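Commentary on secondary and tertiary structure
Residue-level listing of the chains:
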Amino acid sequence: MPPSPETPSFRATVKRIEALTQEIRREELAAFKKAEAAYAEVQELRAVLNARLTELRRSA
């Protein structure tokens, strides 16, 4: 039974899977970089808060 006209060929299907895999890998890397940047910002903000708390304790 031949594939219907809407059914992509085996080769087209494999190429699409490869393209989607590459896209997922790029997105994961982008997501990782975004999470890494957010974590770095959180660390910086925590350092600022810790410094302020230390100042408040000294003045109290």
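Above this text is the structure in question.
Structural notes, computed from the coordinates. Per chain, residues are indexed from 1 in the order of the written sequence. Local features in a predicted model are, by the rule used here, given only for residues with pLDDT of at least 70; side-chain atom pairs are given and counted only at 80 or more, and totals for whole chains, interfaces and linings are based on all residues. Side-chain descriptors were evaluated using all non-hydrogen atoms of the structure, hydrogens and water having been removed beforehand.

**Digging into the overall build of the chain**
Helix and strand assignments follow DSSP, with helices taken as H or I runs no shorter than four residues and strands as E runs no shorter than two, numbered in order from the N terminus. A count of helical and extended segments in the chain gives one helix and zero strands. As defined in this context, the radius of gyration uses C-alpha atoms, and a globule is described by 2.2 Å times the residue total to the power 0.38. In terms of overall size, the chain is more extended than a compact globule, its C-alpha atoms giving a radius of gyration of 25 Å where 60 residues would be expected to give roughly 10 Å. With the principal axes as the frame, the chain shows a C-alpha extent of 85 × 15 × 10 Å. Each residue gets one of three labels from its accessible area relative to the maximum for its type: buried under 20%, exposed over 50%, partly exposed in between, using a 1.4 Å probe on protein chains only. Scored against the burial criterion, the 60 residues of the chain give a buried share of 0%. In short, Shrake-Rupley with a 1.4 Å probe defines the accessible areas, and a residue's cover is counted only from the protein chains shown. When the accessible surface of the chain is split by element, carbon and sulfur atoms take 60% of a total near 6000 Å². When charges are counted, Lys and Arg contribute as positive and Asp and Glu as negative, whereas His and the chain ends are disregarded. The atom standing in for a charge is NZ when the residue is Lys, CZ when it is Arg, CG when it is Asp and CD when it is Glu. Where the 11 positive side-chain charges of the chain centre and where its 9 negative ones centre are 3 Å apart.

**Concerning the environment of leucine 45**
Take leucine 45: it is sitting in helix 1 (residues 10-59). Residue class for leucine 45 comes out partly exposed when judged on its relative accessible area of 49%. The spatial distance from the C-alpha of leucine 45 to the C-alpha of arginine 57 is 18 Å, given a sequence separation of twelve residues.

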